[in-house]
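# Structure assessment
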Amino acid sequence: MLIDGKEVPSLSGKTFPSIDPSTGKTLADVYEAGVEDVALAVGAAQKAFESTWRSTLPRDRSKKLMKLAELLSAKVEMMSWLECYDAGKPITASRAWLAGGPGTLEYYAGCLLTLSGETLEVSDRTLMDFTLREPLGVCGLIVPWNFPLSIALLKMAPAVAAGNCVVIKPSEVTPLSTVELGALVAEAGFPPGVVNIVNGPGDPVGAALVRDPRVAKISFTGGTVSGKRIFREAADTVKRLTLELGGKSASLVFADADVDKAVNVAFTDIVRNSGQVCGACTRVLLEEPIADAFIAKLEAKLRAVKLGMPESTETEMGPMVSSDQAAKVRGYVEIGKAEGATPRAYVDLAGRADLASDAFLPPMLFHGATNAMRVAREEIFGPALTVIRFRTEEEAVAITNDTRYGLAACVFTRDAGRAMRLVRSVSAGTVCVNTGVRSSVDAPFGGFRESGIGKERGKEALLDDTQLKNVRYGL
Ligand code: NAD
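We now turn to the structure provided with this report. (Residues numbered from 1 in each chain as written. Predicted model: local features only at pLDDT ≥ 70, side-chain atom pairs only at ≥ 80, totals over all residues. Heavy atoms only, no water.)

## Comments concerning the packing of aromatic side chains
- Counting across every chain of the model gives 6 aromatic pairs.
- Seen from their ring centres, Y107 and Y108 are 4.9 Å apart, and the 85° between their planes marks the pair as edge-to-face.
- Considering the side-chain rings of F254 and F390, the 5.1 Å spacing of their centres and the 70° angle between planes classify their relative orientation as edge-to-face. With a gap of 136 residues between them, F254 in the loop between β12 (250–253) and α10 (259–271) and F390 in strand β16 (residues 384–390) connect regions that are remote in the sequence. This pair shows no difference in class: F254 is buried, exactly as F390 is. (Phe/Tyr/Trp six-rings, centres within 6.5 Å; stacked < 30°, edge-to-face > 60°. Helix = DSSP H or I, 4+ residues; strand = E, 2+ residues; numbered from the N terminus. Buried < 20%, exposed > 50% of the residue type's maximum accessible area, 1.4 Å probe, protein only.)

## Looking at the sheet that holds strand β14 (residues 342–344)
- Pairing is mixed across the open sheet formed by 7 strands, whose spatial order is β14-β15-β16-β13-β12-β17-β18. Both edges of this open sheet fall to β14 and β18 (430–433), since each of them pairs with a single strand only. Strand-to-strand twist across the sheet, computed as the mean angle between neighbouring axes with direction ignored, equals 25°.
- Two strands pair when backbone bridges link them, and strand β13 (residues 283–287) and β16 are joined in this way by 5 bridges, in the parallel orientation. Across the sheet, residue L285 finds its bridge partner in β16, namely I388.
- Contacts between helix α11 (residues 288–303) and the sheet are confined to β12, β13, β14, β15 (364–367) and β16, with β13 contributing the most and set at about 135° to the helix. (Pairing = 2+ DSSP bridges. Axes fitted to C-alpha atoms, helices over the stretch in contact; angles between N-to-C directions. Contact = heavy atoms within 4.5 Å.)

## With respect to the site of the ligand
- As a structural note, the neighbourhood of the ligand is formed by 29 residues, with V143, E172, S226, L245 and E379 the closest of them.
- Contact distances for the ligand include 2.8 Å between an oxygen atom and a backbone N or O atom of G223.
- At 2.5 Å, a backbone N or O of L245 approaches a nitrogen atom of the ligand.
- Burial of the ligand by the protein amounts to 88% of the accessible area it has alone, namely 840 Å².
- Of all the secondary structure elements, the ones that give two or more residues to the shell around the ligand are α8 (202–211), β10 (215–221) and α9 (224–234).
- A per-class count over the shell around the ligand returns 15 nonpolar, 9 polar and 5 charged.
- Looking at which domains feed residues into the shell around the ligand, each of domain 1 (2–245 + 450–474) and domain 2 (250–440) supplies at least three. (Near = heavy atom within 4 Å. Polar contact = N/O pair within 3.5 Å; in protein donor to acceptor, adjacent residues only side chain to side chain. Areas by Shrake-Rupley, 256 points an atom, 1.4 Å probe, with all protein chains shown as cover. Nonpolar A, V, L, I, M, F, W, Y, C, P; charged D, E, K, R; others polar. Domains from an automatic or database assignment.)

## Some thoughts on the state of the cysteines
- As enumerated under the stated definition, the model contains 0 disulfides in all.
- Lacking any disulfide linkage, C281 is separated from the closest cysteine sulfur, that of C410, by 3.7 Å.
- Note on C281: relative accessible area 1%, which makes it buried. (Disulfide = S-S within 2.5 Å.)

See the structure below:
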């Protein structure tokens, strides 16, 4: 762990194993924090905030982030291998994702230089009125396992850029790349306590951060159930919140669309990271005339996917992050069948002796589904998508918006007027036209309804990590 600028064991000396899902073997034993370690980390962050970081010049905060970006660039290859083994990511995919890590730090190193308040023309000539944008204090950053280092950086960079000090809690399932980040933070020369890292399970470690009255904000990415619990517990101390929760996003494919492009996006959505992607369009809505052709093409591609061990550069799809997650997805195969949907392209892996654990799953599409079925309503978070047919634009919109989630949507059509109508009528935080959901650090991302609160990425994430003070100056 990283507490007050030092790499330290937990006070109890207790550890937990980090498992390679492709073999089931332990990769490393990681120190497990208790509530006392969390209290030390929060105390160190608060001390650093009050004594140095809140008053550090923007230019100097920017330089520290740029230094960390430079150090991280030199370690991207090593970090990619850590996540390959720790999270089961195919090495080529792991490299591609982590190559963006330094860019996240660089973006906010630049963005923070634009932070400013404004002068207001209030209707009282005896006052000069202006606003100041100030940091919040200590931020607790709770990270999931699907993109461990990338999401940790997307939370840390804006928070630290805005002048906050942070305590990062990686997922207990994938802690290793964030442990290595701690070593780089120490080397980059941040004042001790600006960035702290504690490891361990959601409860008690994450929960201790949520309860600590010294923590001003929690930024959480994870499941909707955990997110709702955090929302409730954060109410006691009225914390600021950014919540990035689940999704059941839809891809609307019209008969006039470039069908091959839409097929490729659907394929990528469930193969990339074994479908463990919150913004993946896991409901594919097909206009009747092209539905059969689309399904045939997608099924053929899914059957041919190169499923294999993550360290091979040939592998397109590795294991799920854990045997537990794979078992959860297998459960949905049974749920789907019981509801009357058919899992297609769900090839039998029994003969694949090269796949060394039960965390491997083939990709699948549920055929013959309706939007009322659980496989169309619940987030499966695996390599499964549900195909639903529609006849009219109105019907497609109604199905798309008939969900408690609202993270993202894709529209495939060559009719520009229809595309713009749908951009307005689809209720989701990100709408993509004729392209898949591809988020980047410089554009805001965050869900409507139960998909979350606030935005990650873009300037909005930086603003969400500040608070506005109004100053009324008597003349
Ligand atoms: P999870 O909710 O189980 O855990 C996420 C993190 O929260 C982990 O670090 C965990 O230890 C911690 N945690 C769990 N319970 C907690 C509690 N009560 N208090 C404090 N911390 C707690 O989620 P997961 O299984 O790691 O991740 C998968 C989920 O994340 C999926 O449902 C997915 O949709 C969601 N996700 C959303 C986005 C997004 O941007 N919307 C991005 C990635 C993942």
